[in-house]
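Structural features, examined
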Amino acid sequence: MASEAERTFQRFAVFGESSSSGTEMNNKNFSKLCKDCGIMDGKMVTSTDVDIVFSKVKAKNARTITFQQFQEAMKELGQKRFKGKSLDEALENIYKLMEGKDPATTGVTKATTVGGVSRLTDTSKYTGTHKERFDESGKGKGIAGREDMTDNSGYVSGYKGAGTYDKKGSN
C-alpha cells in the first residue's frame, strides 16, 4: 500500500521540477497532489488546511518535505477528510485516493488561436523586413534575421571583398 503511495509521491515531487530527485516535495506540488487525488475536497479539507499541514510537518527552515513527513501530513489530512474513522482507516482511505494517480495537466494554458491571433502569428504571411526574420518553416533566424551582417574582412574603403585584389609581382 505504502509503495503505491510512495510512487505517487515521487511522480508529484518531480512534476515541474527538473532538478528534483523525487525524494522531496515542495508546497506547490504537495497542494497539487492533494487537489488531483481528491484529498482536498473544498469542504472538509481546503487549500488552507493543506498549507497549514505542510508547514506543520516540514522542518523549521526547510522548503520541502520527505516521504516520511508526507506520511505524517497524510495522517493529519486523513483525520480531517474522513471524520469519525480510525487513524489507520483514514490513512488507508487517503492512500486509496492516491493509487495510480499522475499529475494532471488539465487547465494548463495553451497557445490561443482566437480571432486575429492566428493570422498575426502566421509567419508565411509576413512581408517586408519581417519576412527576412523567419525561414520557410516559420522558425526564427535569431540575430542573423534581425541585423544586416556586414563583411568586415577588408580594411580599405574601396575594397570589393576577399580574393578580388591583384597580387604584386604577377606581371
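As a reminder, the structure under discussion sits directly above these lines.
Residues numbered from 1 in each chain as written. Predicted model: local features only at pLDDT ≥ 70, side-chain atom pairs only at ≥ 80, totals over all residues. Heavy atoms only, no water.

**Here's the deal with the overall build of the protein chain**
Helix and strand content of the protein chain: eight helices and two strands. Order of helices (α) and strands (β) in the protein chain, N terminus to C terminus: α-β-α-α-β-α-α-α-α-α. Sorting the 171 residues of the protein chain into buried and exposed places 25% on the buried side. Contacts in the protein chain between residues far apart in sequence, at least 24 positions, make up 52% of those at least 6 positions apart. Summed over all atoms, the accessible surface of the protein chain reaches about 12,200 Å², with 50% contributed by carbon and sulfur. (Helix = DSSP H or I, 4+ residues; strand = E, 2+ residues; numbered from the N terminus. Buried < 20%, exposed > 50% of the residue type's maximum accessible area, 1.4 Å probe, protein only. Contact = heavy atoms within 4.5 Å. Areas by Shrake-Rupley, 256 points an atom, 1.4 Å probe, with all protein chains shown as cover.)

**A short note on the packing of aromatic side chains**
For the coordinates displayed, the defined rule picks out five aromatic pairs. Measuring from ring centre to ring centre gives 5.3 Å for Phe9 and Phe67, while their planes differ by 70°; the resulting arrangement is edge-to-face. Note that Phe9 is positioned in helix H1 (residues 2–14) and Phe67 in helix H4 (residues 67–81), a separation of 58 residues in sequence. With relative accessibility at 11%, the residue Phe67 sits in the buried group. Plain terms: the ring middles of Phe9 and Phe70 are 4.9 Å apart, the flat faces sit at 50° to each other, and that makes the pair tilted. (Phe/Tyr/Trp six-rings, centres within 6.5 Å; stacked < 30°, edge-to-face > 60°.)

**Comments concerning the pattern of salt bridges**
Per the stated rule, a full pass over the model turns up seven salt bridges. With its nearest N and O atoms 3.7 Å apart, the salt bridge here joins Asp41 to Arg81. You can see Asp41 sitting in the loop between helix H2 (27–36) and helix H3 (47–57) and its partner Arg81 sitting in helix H4, a full 40 residues away along the chain. Note on Arg81: relative accessible area 21%, which makes it partly exposed. When the shortest N-O distance is used, the salt bridge between Glu72 and Lys75 registers 3.6 Å. Of this pair, Glu72 and Lys75 are both found in helix H4, three residues apart, which corresponds to roughly one turn of the helix. (Salt bridge = Lys/Arg side-chain N within 4 Å of Asp/Glu carboxyl O.)

**Some thoughts on H3**
Taken together, the buried positions of H3 are occupied by Asp49, Val50, Val53, Phe54 and Val57. On an axial view of H3, the arc spanned by its buried residues comes to 135°, and they lie on one face. Of the surrounding secondary structure, the elements contacted by the buried residues of H3 are strand S1 (24–26), H2, strand S2 (64–66) and H4. (Arc of directions from axis to C-beta.)

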